[in-house]
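Given next are the chains, with one letter for each unit.
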Amino acid sequence: MWDDLQSLVCEEEIKGFYREVGKAWKRGFLLFGPPGTGKSSLIAAMANYLNFDIYDLQLTNLIGNSQLRQLLISTANWSILVVEDIDCSLELQDRRQPRMMNPDLARMMNIDRYPTTQGGCGACVVLLSKYNPVLDQVDDFTVSSCLTLLCSINGCSITTTEGIGNTRDGFHPIHERFSGFHASQCGFCTPGMCMSLFSALVNAEKIPPPEPPLGFSKLKVSKAEKAIVGNLCRYTGYHPMANACKSFGADVDMEDLGLNSFWRKGDSKDVKLSSLPSYKRNGDVCTFPQFLKSENRNFKDF
């Protein structure tokens, strides 16, 4: 927790995280315990240290999603949102009756990772790539497909977890390392985590030298494990997931990586390096095809 608070103080690190990973920097903490154990005091101390505002959200007074959205929009950027008794059931009135489905990206692609439909879990995360014909550059960032409307992705390229690797063409090293580090848990949210990490790896290649060692990315370990901060795991198995992400870091210490199926305890560093599924920077995955670039240029000229 102390490392997280330190990173929140450094504005340059926050901006650097957005440039490298492609998502806003945020953190969530679950404080559990009986009354009088210091939970409120800890929150107050965090806010005092960070110089953040505190908002105590009373969700039980809300009627529907629109009120919840207005409440969140009204909060300041540098703030701590406190939700008490989050384990209690909450039924908003406009969620009780069936409603028409919006034409979002997840339903168009038949994505079955659909636990919340409100972007809170990250299970349906995909990579969205936009091409700027003026600058001749591609911007890659992750989006929750359940919140992305079809009308907003015209001229864009979408990459899913099946697009970077599958049973027919072979799995991506991300898939293999998540499996080898036993980070898949039940597997429900794994596709979204794989795409969050893939986005971080893609954006890391846009960072200037120095070049990383062979088989590793330009990501630092601290940024690699933060790539999945927006993804939730119902089984709270974050340690093996963090190990799978850190294994791509250029400055990773192989001794810090936990239990896995790639090497045995006591193996040398060379054996460990050779046992990891090979990662090729700027590999076979193209996030924005050439024909789509041509269409974007033609549309701009038109």
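Small disclaimer: the values here were computed from a predicted structure and weren't measured.

Criteria and cut-off values
- Throughout, residues of each chain are indexed from 1 in the direction in which the sequence is written.
- Totals for whole chains, interfaces and linings use all residues, but because this is a predicted model, local features are given only for residues with pLDDT of at least 70 and pairs of side-chain atoms are given and counted only at 80 or more.
- The side-chain figures draw on all heavy atoms in the structure; neither hydrogens nor water molecules are used.
- Strands are treated as partners if at least two bridges between them are detected by DSSP.
- In DSSP terms, a helix is any run of H or I states spanning at least four residues, a strand is any run of E spanning at least two, and both are numbered starting from the N terminus.
- Between N-to-C directions, angles span 0 to 180 degrees; the directions come from axes that are lines fitted to C-alpha atoms, helices contributing only their stretch in contact.
- Paired rings are identified among Phe, Tyr and Trp, the last through its six-membered ring, by centres lying within 6.5 Å, and are further divided according to the angle between planes into stacked (under 30 degrees), edge-to-face (over 60) and tilted (the rest).
- In this scheme, a residue with accessible area under 20% of its type's maximum is buried, one over 50% is exposed, and one in between is partly exposed, where area comes from a 1.4 Å probe on protein chains only.
- The contact rule is simple, with two residues in contact once any of their heavy atoms fall within 4.5 Å.
- Comment on the angle field: the value is read as roughly parallel under 35 degrees, roughly antiparallel over 145, roughly perpendicular from 65 to 115, and oblique elsewhere.
- Crossings are classed by handedness, with left-handed meaning an anticlockwise turn of the near helix from the far one by less than a right angle and right-handed meaning a clockwise turn.
- Three residue categories are used. Nonpolar comprises Ala, Val, Leu, Ile, Met, Phe, Trp, Tyr, Cys and Pro, charged comprises Asp, Glu, Lys and Arg, and polar comprises the others, including Gly.
- Here the expected length of a helix is defined as 1.5 Å per residue gap, with one fewer gap than residues.
- Directions drawn from the helix axis to the C-beta atoms are what define this arc.
- The definition used for a disulfide is geometric: two cysteine sulfur atoms within 2.5 Å.
- Salt bridge, as applied in this entry: a Lys or Arg side-chain nitrogen positioned within 4 Å of an Asp or Glu carboxyl oxygen.

Q: Quick one: what's the story with the sheet that holds strand β3 (residues 125-132), residue by residue and with numbers?
A: Each strand in a sheet pairs with its neighbour through backbone hydrogen bonds, running either in the same direction (parallel) or in the opposite one (antiparallel). The strand order across the open sheet built from three strands is β4-β3-β5, with neighbouring strands paired in antiparallel fashion. Since the sheet does not close on itself, it has two edges, and those belong to β4 (137-144) and β5 (157-159), each with one partner. Between one strand axis and the next, the sheet turns through 30 degrees on average, direction left out of account. When β3 meets β4, the two strands line up antiparallel, connected through eight bridges. By the bridge assignment, S129 is partnered in β4 with D140.

Q: Requested: an account of the packing of aromatic side chains, with residues and values cited.
A: Taken as a whole and assessed by the stated rule, the structure comprises five aromatic pairs. Between F52 and W78, the ring centres sit 5.9 Å apart and the planes meet at 55 degrees, which makes this aromatic pair tilted. Taken together, the positions of F52 in the loop between α3 (39-50) and β1 (53-57) and W78 in the loop between α4 (65-73) and β2 (79-83) put the pair 26 residues apart, joining distant regions of the chain. Between the aromatic rings of F181 and W263, the centroid separation amounts to 6.2 Å while the plane-to-plane angle is 80 degrees, which identifies the pairing as edge-to-face. Within this pair, whereas F181 is found in the loop between α7 (173-180) and α8 (190-204), its partner W263 is found in the loop between α10 (238-246) and α11 (269-275), the two being separated by 82 residues in sequence. The class of F181 is buried, set by a relative accessible area of 1%. By the ring-pair criterion, three or more aromatic residues cluster together here, those being F181, F262 and W263.

Q: Just give me the short version of the environment of K280, but keep the residues and values in it.
A: Checked against the element boundaries, K280 lands in the loop between α11 and α12 (290-301). The exposure class of K280 is exposed, given its relative accessible area of 65%.

Q: Please give an account of α10 that cites residues and values.
A: An α-helical turn contains 3.6 residues, so any two residues separated by three or four positions project in the same direction. Most of α10 is tucked away: seven of the nine residues are buried. Along α10, the residues that are buried comprise P240, M241, A242, N243, A244, C245 and K246. Where α10 is buried, its residues meet α7, α8 and α9 (221-224).

Q: Tell me about the packing of α7 against α8, and name the residues and values.
A: Between α7 and α8, the least distance of the axes is 10 Å, while the angle of their chain directions is 125 degrees. When the axes of α7 and α8 are compared, the pair comes out oblique. Crossing of α7 over α8 shows right-handed handedness. In this structure, α7 uses I174, H175 and F178 to contact α8, whose residues at the interface are T190, M193, C194, L197, F198 and L201. In terms of residue class, the contact of α7 with α8 is built from seven nonpolar, two polar and no charged.

Q: Could you give an account of α3, naming the residues involved and the relevant values?
A: Over its twelve residues, α3 runs 17 Å from end to end, which matches the ideal 16 Å to within 8%, given 1.5 Å per residue. Within α3 the residues assigned to the buried category are I43, M46, A47 and L50. Looking straight down α3, one finds its buried side chains confined to an arc of 95 degrees; they lie on one side. For α3, the exposed residues lying more than 90 degrees away from the buried face are S41 and N48. Remark: N51 follows α3 within two positions and exhibits a positive phi of approximately 65 degrees.

Q: How would you sum up the state of the cysteines? Please name residues and give values.
A: A full pass over the atoms with the stated rule returns zero disulfides. Just so you know, C146 is unpaired, no disulfide at all, and the nearest cysteine sulfur is the one on C124, 3.7 Å from it.

Q: Any chance you could break down the pattern of salt bridges for me, citing the residues and the numbers?
A: Pairs can form between side chains of opposite charge once their charged atoms are near each other. Under the definition given, this model contains seven salt bridges. Where K218 meets E211, a salt bridge forms, and the shortest distance between an N and an O atom there is 3.7 Å. Classification of K218 as buried rests on a relative accessible area of 13%. The class for E211 is partly exposed, based on a relative accessible area of 47%. Between E211 and R281 there is a salt bridge, with its nearest N and O atoms 2.8 Å apart. Taken as a pair, E211 in the loop between α8 and α9 and R281 in the loop between α11 and α12 lie far apart in primary sequence, 70 residues in all.

Nothing here speaks to function; it is geometry throughout.
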